[in-house]
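Single-letter residue listing:
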Amino acid sequence: MLVVPIVSGGGGGVGGGGVGKGGVSISLDCNYAKGKWVIDNHRPLYSGFGCKRWLSGSWACRLTQRTDFAYENLRWQPKDCELEEFQRSKFLTRMQHKTLAFVGDSLGRQQFQSLMCMITGGEEMQNVEDVGIEYGLVKPEGGTHPHGYAYRFITTNTTILYYWSSTLCDTQPIDPTDPESDVAMHLDQPPAFLQKYLHKIHVLVLNTGHHWNRGKLKANRWVIYINGVRSTEKELAMIWRAKNFTVHSVVSWVNSQIPKYPNLKVFFRSISPRHFVGGDWDTGGSCNNTTPMSVGKEILEEESSDLSVASAVKGTAVKLLDITALSQLRDEAHLSRFRMTPNPAAVQDCLHWCLPGVPDTWNELLFAQI
Ligand SMILES: *[C@@H]1O[C@H](CO)[C@@H](O)[C@H](O)[C@H]1NC(C)=O
Ligand SMILES: *[C@@H]1O[C@H](CO)[C@@H](O)[C@H](O)[C@H]1NC(C)=O
Ligand SMILES: *[C@@H]1O[C@H](CO)[C@@H](O)[C@H](O)[C@H]1NC(C)=O
């Protein structure tokens, strides 16, 4: 194992420098976003044929028509520090009597499924209990599915949960009695779920990004509210500004809660890049490359390419889980045109990732920092 000197001055906030087990110096201040992809035949960390209980079939590329799997055998190697190897038992011991929550959009759900598969090694595992009800994650009346999922590893009393909040702000129907009602997005209010359950969470991983566009706003009948009233600000009518405002608001709120919960660690996962070529998702865009690292393998930039999230967490106790640039190099690892049932007419998916795959790396970087 590489001995990395402790970076001084990192004592405050979440994760200062420290000395690891066995006296090995580890730096928790390492910038894990800098590094390179290397081929590693000990990957993937679980089989895409397994993990049936948690892995959505449509994300398990082994179950689709895809025949190239080189993308499964890549590992991220940070430049200036050793990445602690993910071990199932280590993870569970570290998270004993604790709850880890992913709150975000479908990319957050991918990260959640990835982590469940990493912890179980993709194998059937007894002693994992569905505890959704403890977090209000039950099918709403008349709804088709709950707003999230929560599972507990009984042996260590470790809970992993996912809550669907694609925008990280509170959304409330303007007229709750009308199913067709417009929905107020309260940009300055965190999701009600977080307000209600933050005290039960020990590691929180937030993300948002891909729902901030006109199409989604219109389809969801979302209208922008600030201070409890409909916003007339021209500024916020520009969607990227509304998103930036929300990212800053939720970070500022959660940062203000940390003193109440000193053991809470919060991460904001930076945006997951899309790789549509020759069009967008609905105009014939594609991502056909199958050769890993053909767009490069190394990231040396110090600054995150997600400027909005990086600026929001700056100066707060919220940590940046910066995966944008390293994932940008992985254009070959999306679902692309592959489906469980072939459908030549289907649009390509150059947003979500094959699992096992890139989100496993995000979880390795997360594991190294909790
Ligand atoms: C499990 O962990 C929670 C904290 O997340 C704690 O409140 C609870 O008492 C623990 N249960 C047992 C059986 O130790
Ligand atoms: C994002 O929002 C924050 C807080 O509202 C603001 O200070 C910052 O200037 C905004 N960033 C951009 C690029 O507009
Ligand atoms: C990707 O493959 C699809 C289906 O084979 C094809 O229609 C499309 O033109 C290809 N895109 C590019 C950029 O080569």
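Structure's up top.
One structure accompanies this document, and this report is about it. Within each chain, residues carry numbers counting from 1 in the order of the written sequence. Labels follow written order: the first chain is A, the first ligand is 1, and so on. In keeping with the predicted nature of the model, local features appear solely for residues at pLDDT of at least 70, side-chain atom pairs appear and are counted solely at 80 or more, and the whole-chain, interface and lining totals rest on all residues. With hydrogens and water stripped out, all remaining heavy atoms of the structure feed into the side-chain values.

## Re the pairing of strand E18 (residues 349-353)
Put simply, the test is: Burial classification: accessible surface area is computed with a 1.4 Å probe over protein chains only, and a residue below 20% of its type maximum counts as buried, one above 50% as exposed, and the rest as partly exposed. A run of DSSP states H or I qualifies as a helix once it reaches four residues; a run of E qualifies as a strand once it reaches two. Both are numbered from the N-terminal end. DSSP-based pairing: two strands are paired if at least 2 bridges between them are found.
Most of E18 is tucked away, with five of its five residues classed as buried. Pairing between strand E17 (residues 334-336) and E18: two bridges, direction antiparallel. Counterpart to His 334 in the pairing with E18 is Trp 353.

## Concerning the nonpolar core
The condition that has to hold: Throughout this description, the term nonpolar core refers to a set of buried Ala, Val, Leu, Ile, Met, Phe, Trp, Tyr and Cys residues connected via side-chain atoms within 4.5 Å.
Ranked by size, the top nonpolar core spans 59 residues in total, and within it Phe 91, Leu 100, Phe 102 and Ile 160 carry the most contacts. Counting residues per element, this core draws most heavily on helix H2 (residues 106-120), which supplies seven residues. Counting residues in each nonpolar core, the second largest holds 30 residues, with Leu 161, Leu 168, Phe 193 and Ile 258 among its members.

## So, the pairing of strand E12 (residues 222-226)
Of all five residues making up E12, five are buried, and the element is well covered by its neighbours. Neither face of E12 is open: one carries Trp 222, Ile 224 and Ile 226, the other Val 223 and Tyr 225, and all of them are buried. Where strand E10 (residues 183-186) lies against E12, four bridges are found, and the strand directions are parallel. Residue pairing for E12: Ala 184 is matched across the bridge by Val 223. Bridging between E12 and strand E13 (residues 229-230) involves two bridges; their strand directions are antiparallel. Paired with Ile 226 across the two strands is Val 229, which belongs to E13. Hairpin connection from E12 to E13: two residues lie between these consecutive antiparallel strands, with Asn 227 at a positive phi of about 60°.

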